[in-house]
Amino acid sequence: MTQLKLLGTTALVLGLAAPAMAQEIRFMCYSDGNECEVYDDVLTRFEAANPGVDVIVDVVPYQAILENLPVQLAAGTGPDIAKVTDLGGLNQYYLDLTPHIDTGYWDASFGGTLDWYRVGDRQGYYGLHSQLTITGAFANATLFEQAGIEMPGDGATWEDWAAASRAVAEATGTPFPMAIDRSGHRVAGPAISYGAQYFDAEGNGSFAGFEPFAAAFVGWNEDGTFARDVWASQGGATYQDAAQEFINGQLVFYYSGSWQVGRMDSQVGDLFDWQVVGSPCGPAGACSGMPGGAGIVGFEQSQNPEIVAAVIDFLAQEDVYAEVAARTRNLPAHLGVAAAGVEFEGASPAAQAALNAFAGDLANVSPIAFAYQGYAGNRAMFGITVERLSQAIVGELSVEDAVARMGEDLAAAMAESR
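Here's a quick rundown of the structure. (Residues numbered from 1 in each chain as written. Predicted model: local features only at pLDDT ≥ 70, side-chain atom pairs only at ≥ 80, totals over all residues. Heavy atoms only, no water.)

**A short note on the overall build of the protein**
If you tally the helices and strands in the protein, you get 18 helices and 9 strands. For 418 residues, the compact-globule estimate of 2.2 N^0.38 gives 22 Å, and the protein sits close to it at 22 Å. Principal-axis analysis of the C-alpha atoms gives the protein an extent of 70 × 50 × 35 Å. Per-residue burial for the protein yields a buried fraction of 54% across its 418 residues. Within the protein, contacts between residues at least 6 apart in sequence are counted, and of these 76% link residues at least 24 apart. Of the roughly 16,500 Å² of accessible surface on the protein, a fraction of 49% belongs to carbon and sulfur atoms. (Helix = DSSP H or I, 4+ residues; strand = E, 2+ residues; numbered from the N terminus. Rg over C-alpha atoms; globule rule 2.2 N^0.38 Å. Buried < 20%, exposed > 50% of the residue type's maximum accessible area, 1.4 Å probe, protein only. Contact = heavy atoms within 4.5 Å. Areas by Shrake-Rupley, 256 points an atom, 1.4 Å probe, with all protein chains shown as cover.)

Here it is, written out as structure tokens:
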């Protein structure tokens, strides 16, 4: 736990005199890298001007954000602020920042990501998108070189990469050609590239068009193209990545996302050359990854809504936002910061190139993927995807039955939510 004291900018925004009693703000924070540590340092700038306000940063595991935070909010015992990834799903609890911020600045700075935090008639300003991510692939360039096989280029399909990765693995004795994180979010971009729509005509969640990808993916797990245990060794909707297999040089092609760049940079080192190769194309004509990331939100149950809004608005200012992006090596969702470019602190040439490659791939993201990221029901759909695809991979269900069950599960989840 780190205690932060809110300083001058907040005092100017709020017009607060130093109170006799400290006003405490709880900020539940998880880190993919060093985010909470950087927020600690950045927020301490407020201390001298407003020493009566304390922001307590509670550093928690990501699982606590997924599982504990919703329970706390439902019980009315949640924090004042949190870093979240279920952007639309927690909307009912969000504090509307509208009365406390310059909405024109927020519109110009954050554009479409603001919609990810809005649901139904709740169309205010709820979340600062602090970490923009995009899914995509890492390739072990050294293995391709050792195998004497050319890496597929721009416009290459999933089939192209599967064939090339199998050939490289065979030529070099590498255990696994390909892997993709066990995550409904991670397979969404590939599924869209194969024709998944994710929404029906009324804008409700749907698994229409998902079967072509499911059939290809299950087949690749059966024939050894994909590392089967990533999906088959876990139960339910449990998350599992394959980053360590890639880091250990046991994997040719790894589909994950931009948040893994720091890990690759620090742990691969000089073991081999790696690079980001984006998202392969599918038969539906798309080459889409899935956008995402994390945002910082306040909650209506807070006893200090003006202070909460001021903290979030401070982090949204261009100079502060740019500094945080550079120090945490995260892609910026702030349009001005992105346009100016970010020199990521401490990033090796490989990491800087990788982050730039991910940023460049945003242009290929399907509108369906952007809409799906902001859909309030996506958390349920992600879980359903993982559970039913896994059952097809281990042979408990046929692909056709698995997709049918996904539709049934979604209908039940929607009925329950209503």
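Right, picking up where we left off after that structure.
**Digging into the environment of Gln146**
You can see Gln146 is positioned in helix H5 (residues 141-147). Its relative accessible area of 57% is what places Gln146 among the exposed residues.

**Considerations on the packing of aromatic side chains**
The full count for this structure, using the stated rule, is 31 aromatic pairs. Both rings, one in Phe138 and one in Trp274, keep their centres 5.9 Å apart while their planes meet at 50 degrees; by these two values the pair is tilted. Here Phe138, found in strand E5 (residues 127-140), pairs with Trp274, found in strand E8 (residues 274-278); they are 136 residues apart in sequence, far enough to count as distant. On the accessibility criterion, Phe138 (0% relative accessible area) is buried. Geometrically, the ring pair formed by Phe199 and Tyr372 is edge-to-face, given 6.4 Å between the ring centres and 90 degrees between the ring planes. One end of the pair, Phe199, is in the loop between helix H7 (184-193) and helix H8 (211-222); the other, Tyr372, is in helix H16 (residues 367-374), with 173 residues separating them in the sequence. Residue classification places Tyr372 among the buried residues on the basis of a relative accessible area of 0%. Over the face of the ring belonging to Tyr125 we find Arg118, whose NZ or CZ atom lies 4.9 Å from the ring centre. (Phe/Tyr/Trp six-rings, centres within 6.5 Å; stacked < 30°, edge-to-face > 60°. Lys NZ or Arg CZ within 6 Å of the ring centre and 35° of its normal.)

**Notes on empty space enclosed by the protein**
Any empty space left between atoms is shown by rolling a water-sized probe over those atoms. Summed over all chains, the structure comprises 1 cavity of 30 Å³ or more. The calculated volume of the largest cavity comes to roughly 60 Å³. Considering the residues around the largest cavity, the lining is formed by Tyr39, Leu128, Ser130, Ile296, Leu315, Tyr321, Val324 and Ala325. Elements with a minimum of two residues in the lining of the largest cavity: E5 and helix H13 (318-328). (1 Å grid on protein atoms, 1.4 Å probe; cavity = no way out; pocket = protein on both sides within 12 Å on 5 of 7 lines; lining within 4 Å. Points joined across faces, edges and corners; volume = space filled by probe spheres on them.)

**Quick word on unusual backbone geometry**
Positive phi outside glycine occurs at Tyr198, with the angle close to 65 degrees. Tracing the backbone shows Tyr198 in the loop between H7 and H8. Judged by relative accessible area, which is 1%, Tyr198 ranks as buried. Not every positive phi belongs to a glycine, and Arg329 is a case in point at roughly 60 degrees.

**Digging into the side chain of Thr174**
Among the secondary structure elements, Thr174 is positioned in the loop between helix H6 (158-172) and strand E6 (176-180). A relative accessible area of 9% places Thr174 in the buried class. For Thr174, the residues in contact, after removing those within four places along its chain, are Leu143, Ala169, Gly249, Gln250, Leu251 and Val252.

**Concerning the packing of helix H17 (residues 378-393) against helix H18 (residues 399-417)**
The interhelical angle for the contact between H17 and H18, taken along N-to-C directions, is 155 degrees, at an axis separation of 9 Å. Comparing the axis directions of H17 and H18 gives the class roughly antiparallel. Between H17 and H18 the crossing geometry is right-handed. Contacts between H17 and H18 involve Ala380, Met381, Ile384, Thr385, Arg388 and Ala392 from the former and Val399, Ala402, Arg405, Met406, Asp409, Leu410 and Ala413 from the latter. Residues that form the contact of H17 with H18 fall into these classes: 9 nonpolar, 1 polar and 3 charged. (Axes fitted to C-alpha atoms, helices over the stretch in contact; angles between N-to-C directions. Parallel < 35°, antiparallel > 145°, perpendicular 65-115°, else oblique. Left-handed = near helix turned anticlockwise from the far one by under 90°. Nonpolar A, V, L, I, M, F, W, Y, C, P; charged D, E, K, R; others polar.)

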